[in-house]
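Structural overview for review
Listed here are the chains, written in short residue letters.
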Amino acid sequence: MEVPIDLPQSIKNIVQSTPTPIKAENIDSTFKSDSIDLVNKALGSRIVACSDEWFAAAENLTTSTPPIRKPGVFTHAGAWYDGWETRRHNTEPFDWVVLRLGAASGKVKGVEVDTAFFSGNEAPEVGVEGCFITDDREEELKSKDFVEWETILEKQPCGPSQRHGWLLPNMTSKAYTHVRLQMFPDGGIARFRLFGEVVPVLPQDLNAVFDLAATVNGGVALSCSDQHFGTKDNLLLPGRGHDMGDGWETKRSRGEHVDWVIIRLGLPGVIEKIVVDTAHFRGNFPQKVQVFGAEASDKAPSHDSSAWTEILWTQKTGPDAEHEYTGQALKEIQRTYGYVKLVMIPDGGIKRIRVYGRRPEASQ
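Just so you know, these numbers come straight off a predicted model, no measurement behind them.

1. Section: the sheet that holds strand β6 (residues 106-114)
One open sheet accounts for 5 strands, arranged β1-β9-β6-β12-β2; its pairing is antiparallel. With one partner strand each, in any of the chains shown, β1 (20-22) and β2 (36-37) form the two edges of the open sheet. Alignment of β2 against strand β12 (residues 191-198), held across 2 bridges, turns out to be antiparallel. By the bridge assignment, Asp37 is partnered in β12 with Phe195.

Here's what the structure looks like:
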């Protein structure tokens, strides 16, 4: 954000530290091209504690799918809501929920709060705080006397039944392990997303082979040709998922076609093995896959750039299986790569890609 030069410095400082509201239709394009959701439930994030969850459980906040509505459905507590909802008439300044990030720690770029279907009972205002502590101190986070919270997102207004996004002026310089979502004074929130980058804990052994593309190691799916049925970000998550909904799946094509996704590795490395997993994709797996690599740089090459080098020959795939590629299936693997491009021919669904390798120092 540019600040007029004729403003007093005190005003400039306020303007430069103010988060930028992001329109609902621009939230995905703002954050999902170079960031990951640090509190994604599939990453292993968890609710540590909350002030209240009388009407709807706090664990709903990190559900990866969009909120749904069940009009006319009631529980013992009241109307059913797909989100977190607290009692009325909170006597404290705010209700809160503390979350452990799914990664070791992360730096924050922006925040999304979705109040979908909360109308008349939505959170009027929200804020986000963070801290960096070891997990064995989590009991302290439940106390009012805990003083290590730092403001990530200052108090912001919310409206009924809509997505709200805020881009921070800069990525936080500090990494956080835990965050506290504040709701002033009470009400309901459907979903909470915390966008940023992972600060991974890597093996101390330079010769260790690990997944260079995994989200928990800093990998990010930057762009793709299509993600009609399942998003590209799912490719780098832990585990093998639960069903077709938590993989990458493109729409059906007609005629000659390929789909692709570009991934920035968590750190540049020398690749030794690639795994393409088609778990749960039984009638819609790709016929073939191919993988390319590109050197580390500030900006990823475009999908059709000549900077890409083929590192996995075109290989047939099958349904609902992990396909491991090593040895003669790979080529040009003694080089260091910072990006990979996964190509599926012609289209279909892939659950995960693993790019196992080691840091380049181990090869010297």
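2. Topic: the environment of Glu125
Within the fold, Glu125 resides in strand β7 (residues 125-131). Looking at Glu125, the relative accessible area reads 29%, which means it is partly exposed. Once you skip the residues sitting within four places of it in the chain, Glu125 turns out to touch Lys155, Gln156, Pro157, Cys158, Gln182, Met183 and Phe184.

3. Some remarks on the sheet that holds strand β3 (residues 46-50)
The antiparallel open sheet is built from 5 strands, whose spatial order is β3-β5-β10-β7-β8. Of all strands in the sheet, those with a lone pairing partner are β3 and β8 (150-157), marking the two edges. Adjacent strand axes in the sheet meet at a mean angle of 20°, parallel and antiparallel pairs treated alike. Examined bridge by bridge, β3 and strand β5 (residues 95-100) share 4 bridges and lie antiparallel to one another. Of the residues in β5, the one forming a bridge with Arg46 is Arg100.

4. Quick notes on the environment of Thr314
When you line up the elements, Thr314 lands in strand β18 (residues 309-316). Residues Thr314 and Ile345 lie 31 residues apart in sequence; the distance between their C-alpha atoms is 9.0 Å. Excluding residues that lie within four positions of it along the chain, Thr314 makes contacts with Lys288, Val289, Gln290 and Ile345.

5. As for the pattern of salt bridges
Under the counting rule described, the total for this entry stands at 27 salt bridges. Between Arg163 and Glu112 there is a salt bridge, with its nearest N and O atoms 2.7 Å apart. A residue pair is termed long-range when its members are at least 10 positions apart, and Arg163 in strand β9 (residues 163-167) and Glu112 in strand β6 qualify at 51 residues. Assessed through its relative accessible area of 27%, Arg163 is described here as partly exposed. Shared partners join several salt bridges into a network, and the residues in it are Asp28, Lys32, Glu112 and Arg163.

6. Here's the deal with the nonpolar core
Across soluble globular proteins, nonpolar side chains have a tendency to be buried as a group. The biggest cluster of nonpolar side chains holds 40 residues, and the ones touching the most others in it are Val113, Val128, Val179, Leu181, Ile189, Phe192 and Leu194. Discounting residues that sit within four places of it in the chain, Leu181 has contacts with Leu61, Trp84, Asp95, Trp96, Val97, Val113, Gly127, Val128, Ile189 and Phe192. In terms of nonpolar packing, the next biggest core, distinct from the first, is built from 30 residues, Trp248, Val289, Leu312 and Ala329 among them.

7. Let's talk about the state of the cysteines
As enumerated under the stated definition, the model contains 0 disulfides in all. The thiol of Cys131 is unpaired, and the distance to the nearest cysteine sulfur, on Cys50, comes to 16 Å.

8. Quick look at the packing of aromatic side chains
This model, assessed by the stated rule, comprises 4 aromatic pairs. Arranged with centres 4.6 Å apart and planes meeting at 15°, the rings of Tyr81 and Phe118 form a pair that is stacked. Taken together, the residues Tyr81 in the loop between β3 and β4 (84-85) and Phe118 in the loop between β6 and β7 connect sequence positions 37 residues apart. According to the relative accessible area criterion, Tyr81 is partly exposed, its value standing at 21%. Measuring from centroid to centroid gives 5.5 Å for Phe146 and Trp149, while their planes differ by 70°, and the two rings are edge-to-face. Here Phe146 and Trp149 have matching classes, each one buried. The ring of Phe184 has Lys155 lying over it, and the distance from NZ or CZ to the ring centre is 4.4 Å. Stacked on the ring of Tyr356, the Lys or Arg Lys273 has its end atom at 4.9 Å from the ring centre.

9. Some thoughts on the pairing of β9
Sheet analysis places β1 next to β9, joined by 3 bridges and oriented antiparallel. What sits directly across from Pro21, in β9, is Trp166. Two elements, β6 and β9, share 5 bridges in a ladder whose sense is antiparallel. When the bridges of β9 are listed, Val111 appears paired with Trp166.

Reading the values: rules and limits
Sequence order sets the numbering: in each chain, residues are counted from 1 along the sequence as written. Reporting in this predicted model follows two pLDDT cut-offs: at least 70 for local features of residues, and 80 or more for side-chain atom pairs to be given and counted; totals over whole chains, interfaces and linings ignore these cut-offs and use all residues. Hydrogen atoms and water are omitted, and side-chain values are computed over all heavy atoms in the structure. What makes two strands pair is DSSP finding at least two bridges between them. Only DSSP runs of H or I with at least four residues qualify as helices, and only runs of E with at least two residues qualify as strands; both kinds are numbered from the N terminus onward. The buried label applies to any residue whose accessible area, calculated with a 1.4 Å probe on protein chains only, is under 20% of its type's maximum; exposed applies above 50%, and partly exposed to all values in between. In this analysis, two residues are considered to be in contact whenever any of their non-hydrogen atoms come within 4.5 Å of each other. In this analysis, axes come from line fits to C-alpha atoms, helices being fitted only over the stretch in contact, and the angle between any two N-to-C directions falls in the range 0 to 180 degrees. Should a side-chain nitrogen of Lys or Arg be within 4 Å of a carboxyl oxygen of Asp or Glu, the pair is scored as a salt bridge. We call a set of buried Ala, Val, Leu, Ile, Met, Phe, Trp, Tyr and Cys residues a nonpolar core when their side-chain atoms join them within 4.5 Å. Disulfide assignment relies on a single distance test, namely cysteine sulfur atoms paired within 2.5 Å. Within 6.5 Å between ring centres, the rings of Phe, Tyr and Trp (the latter by its six-membered ring) count as paired, and their orientation is classed by plane angle as stacked under 30 degrees, edge-to-face over 60, tilted in between. The rule is short: NZ of Lys or CZ of Arg within 6 Å of the ring centre and within 35 degrees of the ring normal puts a charge over the ring.

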